[in-house]
Amino acid sequence: MMAFEQIPRKDWYSVLGADPSASVSDLKEKYQKLILMYHPDKQSADVPAGTVEECIQKFIEIDQAWKILGNEETKKEYDLQRHEDDLRNIGPVDARVYLEEMSWNKDDHSFSLSCRCGGKYSISKNEVEVDLISCDTCSLIVELLHYS
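As the structure is a computational prediction, the values presented were derived from the model and not from experiment.

**Observations concerning the packing of aromatic side chains**
Counted by the stated rule, this structure contains three aromatic pairs. Between the aromatic rings of Tyr-13 and Tyr-78, the centroid separation amounts to 5.9 Å while the plane-to-plane angle is 40°, which identifies the pairing as tilted. Taken as a pair, Tyr-13 in helix 1 (residues 12-15) and Tyr-78 in helix 4 (residues 72-90) lie far apart in primary sequence, 65 residues in all. Note on Trp-104 and Phe-111: the rings are 4.7 Å apart at their centroids and 55° apart in plane angle, and the pair reads as tilted. Given the relative accessible area of 41%, Trp-104 is considered partly exposed.

Next up, the structure:
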């Protein structure tokens, strides 16, 4: 189970003030700037206690965002989960299929399935852990089932 699934869903990119298409070096730059700004040791002594608490919470949130987005593996998992959440908001699942029901394309190392619109659902070998796949032509979505 992914580390960020235990905590309420947050947009970790917005925590860092970054776009989801930002490079890791851009994310790191934003993280470093924010972490210094909100670091507890950098806060003025005459700031009200409530403001200090807010800064500490923001500092922790920024650090958590970096732990997820600064690591290639957890960033990939987070991005897949974001994509899946986006698909869930688009519409209902049209069908449920097992990976084994999809065709394997050895040229591009992906699985695919024809959609009733003529388009196709495709997923790369590295993305088989996702649960939802959208058609490349229409708005239909299939749920990818995994044998237990």
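**Some remarks on the state of the cysteines**
Note: disulfide means a covalent bond formed between the sulfur atoms of two cysteine side chains. Counted according to the given criterion, the structure contains zero disulfides. Counting only cysteine sulfurs, Cys-138 is the nearest neighbor of Cys-117, a cysteine outside any disulfide, at a range of 3.6 Å.

The rules behind the values
Residues numbered from 1 in each chain as written. Predicted model: local features only at pLDDT ≥ 70, side-chain atom pairs only at ≥ 80, totals over all residues. Heavy atoms only, no water. Phe/Tyr/Trp six-rings, centres within 6.5 Å; stacked < 30°, edge-to-face > 60°. Helix = DSSP H or I, 4+ residues; strand = E, 2+ residues; numbered from the N terminus. Buried < 20%, exposed > 50% of the residue type's maximum accessible area, 1.4 Å probe, protein only. Disulfide = S-S within 2.5 Å.

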